[in-house]
Amino acid sequence: RVLVKQANEDGNFDWTTRELSAKADDEGRWVVTGLDDRPLIVEASHRPELPPEEGSRRKRPRKGPIQRAKVTDVTAGQAGVVLVLGSGHAVRGTVVDDRGQPVTAFAIEAEPVYDEYDWENYEAREQERVARFQDDLGAFEMTGLAEGRWKLRPIVSREGRRGEWIELDVPQTEPADL
């Protein structure tokens with residue numbers, strides 16, 4: 001899906017921003033018509049289907065991470081706008097219990113941190129995710145996160161206990177210890 005956002009009459013992108021969408025063909029080409037000379041932001045997103053996990057009882061394909069791309073400073077009529085979809089960034093860290101011992105079976109819940117009035121990044125609300133991990137050292141790598149500020153917390157599988165949220169910036173500069 002391709003979304004074209006056109007600035008309002010003041011040249012700003014906010015809740016009054018005009019949005020037009022298009023679906024790309026099999027070769028990735030798309031066209032949006034009816035635009036004037038105000039600035040544009042072009043975004044694309046795609047969520048591929050993945051085969052069921054090995055050993056899973058589920059037979060249907062599962063959804064992969066959302067792939068996104070964004071180009072700013074585009075003008076109406078501009079040809080050759082190229083959007084390269086990326087599957088996001090990874091966050092790495094470890095989960096330990098109150099005694100500092102590794103938790104071996106857990107999930108990580110991740111939510112983007114956004115301003116309630118941040119209309120340009122409104123779709124960030126759709127990116128909440130939970131991933132399950134099993135590791136003797138409590139290590140995890142959560143992939144497919146968009147650039148920006150995120151909050152993460154562990155969920156201990158056996159007890160269903162939820163840890164405290166921590167906030168971090170993606171791409172990450174240091175491992176997250178939860």
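All values reported here derive from a predicted model rather than from experimental measurement. (Residues numbered from 1 in each chain as written. Predicted model: local features only at pLDDT ≥ 70, side-chain atom pairs only at ≥ 80, totals over all residues. Heavy atoms only, no water.)

**Points about the packing of aromatic side chains**
The description of two aromatic rings rests on the distance between their centres and on the angle between their planes. Following the criterion strictly, the structure yields 3 aromatic pairs and no others. Summarising the aromatic geometry, the rings of phenylalanine 106 and phenylalanine 133 are spaced 5.7 Å apart at their centres and angled 25 degrees between planes, so their arrangement reads as stacked. Within this pair, whereas phenylalanine 106 is found in strand β8 (residues 105-112), its partner phenylalanine 133 is found in strand β9 (residues 129-134), the two being separated by 27 residues in sequence. No difference in accessibility class separates phenylalanine 106 from phenylalanine 133, as the two residues are buried. (Phe/Tyr/Trp six-rings, centres within 6.5 Å; stacked < 30°, edge-to-face > 60°. Helix = DSSP H or I, 4+ residues; strand = E, 2+ residues; numbered from the N terminus. Buried < 20%, exposed > 50% of the residue type's maximum accessible area, 1.4 Å probe, protein only.)

**Observations concerning the sheet that holds strand β7 (residues 89-94)**
One open sheet accounts for 3 strands, arranged β10-β7-β14; its pairing is mixed. Pairing within the sheet leaves two strands with one partner each, and these edge strands are β10 (139-145) and β14 (176-177). With 5 bridges connecting them, β7 and β10 associate as antiparallel partners. Bridged to arginine 92 within β10 is glutamate 141. (Pairing = 2+ DSSP bridges.)

**Comments concerning the sheet that holds strand β3 (residues 40-46)**
As summarised here, the arrangement of the 4 strands in space is β2-β1-β3-β6, forming an open sheet in which the pairing is antiparallel. Looking at the sheet topology across the chains shown, the edges are occupied by β2 (18-22) and β6 (67-74). Here the strands of the sheet are splayed against their neighbours by 15 degrees on average, with no regard to which way each runs. Looking at chain direction, strand β1 (residues 2-6) and β3 are connected through 5 bridges and run antiparallel. Along β3, the bridge assignment pairs valine 2 with alanine 44. (Axes fitted to C-alpha atoms, helices over the stretch in contact; angles between N-to-C directions.)

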